[in-house]
Amino acid sequence: MYFCPMYSKEIIKGTLKPIILKLLEQEGRMYGYEITSKVKVLTQGKIQITEGALYPLLHKLEAEGIVITEQENIGKRIRKYYLLTPEGKNLATAAIDEFLDFMITIKSILDPTANISYGNAK
Amino acid sequence: MATLSEQQIDKIFDLIVDNGVSYESLQVDLLDHVCCMVEQKMDEGKSFDDSLKLALQEFGYKHFSEIQEATIYLLTLKQRKMKKTTGIIGIISSLLVIGGVFFKIMHWPGAGILLVIGLVLVGVIVFPLMATLDINNASGKMKKVTASIGYLAAILLSIATLFKIMHWPGATITYYSGLILLVFVFIPLFTIKNYKTAENKIMAIAKSTLILAGVVIFWGLMPTGNVSHLEKTHNSYHQRVSK
């Protein structure tokens, strides 16, 4: 899984897919190294995605038709950009909503006194 | 921003290949990834060699082959599940057919239902699933065609057997289409392919003749006409008994 200095493996498991889908939805297209550095910056280094988790997942998403790739030549090497297919876009929205909903549910158990909102309710 | 020379890129590529990454699509990903890591370190003022060393330490040499294993594992997960399902249904349906034939020989009740369920499972589920798996895995057009024809013949023959046993119409035409496909298309293709690639040529021919022998036994013993030899004996026996 990830190399993650802040959180335990148990918590992190299952979050990689929504993170990647969200980033691709937001950025349009990204290459592997870009995804790892973006996550590192966004989480202030609390989550560092390892290549060993990232690339197998990207290839699986490609095989499932959720993402496609565009290749660009960078000097002698090829850079592979990953982008969401129309089907992948729908799936991304659903996966992100599901995860946000999950977080609210967990929060209501672990910290019932806190009155949380995620932008919608005031 | 540092850019790597062609020689430097080649060096990194060789390292990736030497560390066990053979999957081409992943080679492209990892080459770009390691190059990015090296370039970032070169931007911090380090030399190429130092940057590469640091990047590889960070990455971990063992990591390369592990990434490939993890990728292949994820990509074949669905297929492994499919193989398991096919295997389980395959065993159940074969046992049903064997049981059905045994019940029929023993004149026990329930032979018909066992054979129908068994043969339907074999012809409609097991062979098509096996065909999908084999055709996907087969390398080369020739192998794919051979596998498709072989399975089509097998599906036709199992359905023909079902129809024949149940005395449903259309059994004979299905049976002969399957048989002709098997003997005149599949076996020649199979023999040619096997003969070309086999180390032991005689063994390759033996395999084909054994399959042919199996088909001939099946053809010889299968009641094909309106009343088979087996049924004739059976009927005359019953006539004698009833007299």
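Since this is a predicted model, take the numbers as computed values, not measurements.

Quick notes on the packing of aromatic side chains
Residues and elements named next belong to chain B.
Argument step 1. All chains considered together, the criterion is met by 10 aromatic pairs over all chains.
Argument step 2. When the ring of Phe-163 is compared with that of Trp-168, the centres are 5.3 Å apart and the planes differ by 90 degrees; the resulting orientation is edge-to-face.
Argument step 3. Judged by its relative accessible area of 38%, Trp-168 is partly exposed.
Argument step 4. An aromatic cluster of three or more residues is present, and its members are Phe-102, Phe-103 and Trp-108.
Argument step 5. The ring of Tyr-73 has Arg-80 lying over it, and the distance from NZ or CZ to the ring centre is 4.3 Å.
Argument step 6. The cationic tip of Lys-201 hangs over the ring face of Tyr-195; the distance from NZ or CZ to the ring centre is 5.1 Å.

Overview of the packing of helix α4 (residues 61–105) of chain B against helix α5 (residues 111–137) of chain B
Residue and element names in this part refer to chain B.
Argument step 1. One way to put it is that α4 packs onto α5 with a least axis distance of 8 Å and a crossing angle of 150 degrees. Considering their axes alone, α4 and α5 lie roughly antiparallel with respect to each other. Here α4 and α5 pass one another in a crossing that is left-handed.
Argument step 2. Looking at the contact of α4 with α5 residue by residue, the class counts come to 18 nonpolar, 10 polar and two charged.

Re helix α1 (residues 6–18) of chain B
Argument step 1. With 13 residues, α1(B) ought to run about 18 Å at 1.5 Å a step, and its terminal C-alpha atoms sit 18 Å apart, in line with that.
Argument step 2. For α1(B), the set of buried residues is Gln8(B), Ile9(B), Ile12(B), Leu15(B) and Ile16(B). Across the axial projection of α1(B), the buried residues extend over an arc of 120 degrees, all falling on one side. Facing away from the buried side of α1(B), by more than 90 degrees, are the exposed residues Gln7(B) and Asp18(B).
Argument step 3. Packed against the buried residues of α1(B) are β3 (77–84) of chain A together with α2 (24–43), α3 (48–59) and α4 of chain B.
Argument step 4. Phi turns positive one or two residues past the end of α1(B), at Gly20(B), with a value near 95 degrees.

Here we look at helix α3 (residues 32–42) of chain A
Residues and elements named next belong to chain A.
Argument step 1. Considered for burial, the residues of α3 that qualify are Gly-32, Tyr-33, Ile-35, Thr-36 and Val-39. Projected down its long axis, α3 carries its buried residues within an arc of 165 degrees, all on one side. For α3, exposure combined with an orientation more than 90 degrees from the buried face picks out Val-41 and Leu-42.
Argument step 2. At the C-terminal side of α3, Gln-44 shows a positive phi close to 50 degrees.

Some points on the environment of Cys36(B)
Argument step 1. With respect to the helices and strands, the residue Cys36(B) is situated in helix α2.
Argument step 2. Along the primary structure Cys36(B) and Thr3(B) are separated by 33 residues, whereas in three dimensions their C-alpha atoms are 9.2 Å apart.
Argument step 3. The residues contacting Cys36(B), other than those within four sequence positions of it, are Tyr31(A), Tyr33(A), Arg77(A) and Arg79(A).

Focus: the interface of chain A and chain B
Argument step 1. Facing 19 residues of chain A, the contacting portion of chain B comprises 25 residues.
Argument step 2. Summed over both sides, the interface between chain A and chain B buries roughly 2,000 Å², with carbon and sulfur atoms accounting for 62% of that surface.
Argument step 3. Three residues, Tyr33(A), Lys76(A) and Arg77(A), lead the burial of chain A against chain B; their summed loss comes to 37% of the area buried on that side.
Argument step 4. Here Arg77(A) makes a salt bridge to Asp32(B), at a shortest N to O gap of 2.9 Å.
Argument step 5. Put simply, chain A and chain B have 12 residue pairs in polar contact (both at pLDDT 80 or more) between them.
Argument step 6. Among the elements of the structure, α3, α4 (51–63) and β3 of chain A are those that each provide at least two residues to the side of chain A that touches chain B.
Argument step 7. At eight residues, α4(A) tops the list of elements feeding residues into the side of chain A that touches chain B.

Things to note about unusual backbone geometry
Argument step 1. At Gln44(A), a residue that is not glycine, the phi angle is positive and equals roughly 50 degrees.
Argument step 2. Looking at the element boundaries, Gln44(A) is found in the loop between α3 and α4.
Argument step 3. A positive phi angle, near 55 degrees, is found at His167(B), a position not held by glycine.
Argument step 4. Inspection of the secondary structure assignment puts His167(B) in the loop between α6 (141–165) and α7 (171–197).

Observations regarding the pairing of strand β2 (residues 67–74) of chain A
All names here are of chain A.
Argument step 1. As judged from the eight bridges shared by β2 and β3, these two strands associate in the antiparallel manner. Bridge assignment links Asn-73 to a residue of β3, and that residue is Ile-78.
Argument step 2. The turn linking β2 back onto β3 is made up of two residues, and Gly-75 within it adopts a positive phi angle of 60 degrees.

Observations regarding the sheet that holds β2(A)
Residues and elements named next belong to chain A.
Argument step 1. Within the open sheet, the three strands sit side by side as β1-β3-β2. Their pairing is antiparallel. Of all strands in the sheet, those bounded by a partner on one side alone are β1 (29–31) and β2. On average, adjacent strands in this sheet sit at an angle of 35 degrees to one another, irrespective of strand direction.
Argument step 2. Strand contacts of α3: β1 and β3, with the helix running at about 95 degrees to β1, the strand carrying the most contacts.

What counts, and where the lines are drawn
- Residues numbered from 1 in each chain as written.
- Chains lettered and ligands numbered in written order.
- Predicted model: local features only at pLDDT ≥ 70, side-chain atom pairs only at ≥ 80, totals over all residues.
- Heavy atoms only, no water.
- Phe/Tyr/Trp six-rings, centres within 6.5 Å; stacked < 30°, edge-to-face > 60°.
- Buried < 20%, exposed > 50% of the residue type's maximum accessible area, 1.4 Å probe, protein only.
- Lys NZ or Arg CZ within 6 Å of the ring centre and 35° of its normal.
- Axes fitted to C-alpha atoms, helices over the stretch in contact; angles between N-to-C directions.
- Helix = DSSP H or I, 4+ residues; strand = E, 2+ residues; numbered from the N terminus.
- Parallel < 35°, antiparallel > 145°, perpendicular 65-115°, else oblique.
- Left-handed = near helix turned anticlockwise from the far one by under 90°.
- Nonpolar A, V, L, I, M, F, W, Y, C, P; charged D, E, K, R; others polar.
- Expected span 1.5 Å × (residues − 1).
- Arc of directions from axis to C-beta.
- Contact = heavy atoms within 4.5 Å.
- Buried area = accessible area lost by both parts, 1.4 Å probe.
- Salt bridge = Lys/Arg side-chain N within 4 Å of Asp/Glu carboxyl O.
- Polar contact = N/O pair within 3.5 Å; in protein donor to acceptor, adjacent residues only side chain to side chain.
- Pairing = 2+ DSSP bridges.

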